[in-house]
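What the coordinates show
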Amino acid sequence: MASTTASAAEAPQRATAPRAKGRLYRGDLGMWSWVAHRITGVLTFFFLFVHVLDTALVRVSPNAYDTVIETYKHPVMILFELGLLAAVLFHAFNGIRVMLVDFWSKGTKYQKPMLWTVVALWLVLIIPAAISLIGRAITEVFGG
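Residues numbered from 1 in each chain as written. Predicted model: local features only at pLDDT ≥ 70, side-chain atom pairs only at ≥ 80, totals over all residues. Heavy atoms only, no water.

An unreviewed UniProt entry annotates the protein as Succinate dehydrogenase / fumarate reductase cytochrome b subunit originating from Saccharopolyspora phatthalungensis. For the protein, the Subcellular location (unreviewed entry) comment in UniProt is given as "Membrane". What the UniProt record of the protein gives under Cofactor (unreviewed entry) is the line "heme". (UniProt positions renumbered as here; feature names shortened; annotations may be inferred.)

Written out as structure tokens, the structure reads:
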């Protein structure tokens, strides 16, 4: 019976370098922006799902709704708001970059500069928001 696979002796030797240990992917910034885009998309979806559920709670029990809304005023939740803002901003800016790469004929050529633009815009917007929200959380905890 003939085998369709070559034996180890007949197989050609690979010329590739061995994989680095401890790293699943060896990608560049484009790969990491892809990962961050997926993570921020899932986090935003999760927030929207929870938001729809807690808003729907008002029809089931207005008292339970009031209790849930009261928990959102806790200082820890302000930090979650900051995380949500960071995720939504990155996802939105990176989504525009992805659309430009997909639909603009020169998009792939300018992919890295556009990514650095996304990061710069994100930082310009998130730093003042972080200062404001963290300041509000500190004021809530220690009084002001």
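Next, the rest of the story.
**Digging into the packing of helix 1 (residues 29-60) against helix 2 (residues 62-71)**
Between two packed helices, what matters for the description is the angle formed by their axes and the separation of those axes. Where helix 1 contacts helix 2, the axes come no closer than 6 Å and their chain directions differ by 150 degrees. Classed by the angle they form, the pair helix 1 and helix 2 counts as roughly antiparallel. The residues of helix 2 that touch helix 1, namely those facing Asp54, Thr55, Leu57, Val58 and Val60, are Pro62, Ala64, Tyr65 and Val68. Among the residues forming the contact of helix 1 with helix 2, the class breakdown is seven nonpolar, one polar and one charged. (Axes fitted to C-alpha atoms, helices over the stretch in contact; angles between N-to-C directions. Helix = DSSP H or I, 4+ residues; strand = E, 2+ residues; numbered from the N terminus. Parallel < 35°, antiparallel > 145°, perpendicular 65-115°, else oblique. Contact = heavy atoms within 4.5 Å. Nonpolar A, V, L, I, M, F, W, Y, C, P; charged D, E, K, R; others polar.)

**Some points on helix 1**
Relative to the 46 Å expected for 32 residues at 1.5 Å per residue, helix 1 spans 46 Å between its end C-alpha atoms, a close match to the ideal helical length. Among the residues making up helix 1, those that are buried are Met31, Ser33, His37, Thr40, Thr44 and Asp54. On its buried face, helix 1 is in contact with helix 2, helix 3 (75-103) and helix 4 (111-142). (Expected span 1.5 Å × (residues − 1). Buried < 20%, exposed > 50% of the residue type's maximum accessible area, 1.4 Å probe, protein only.)

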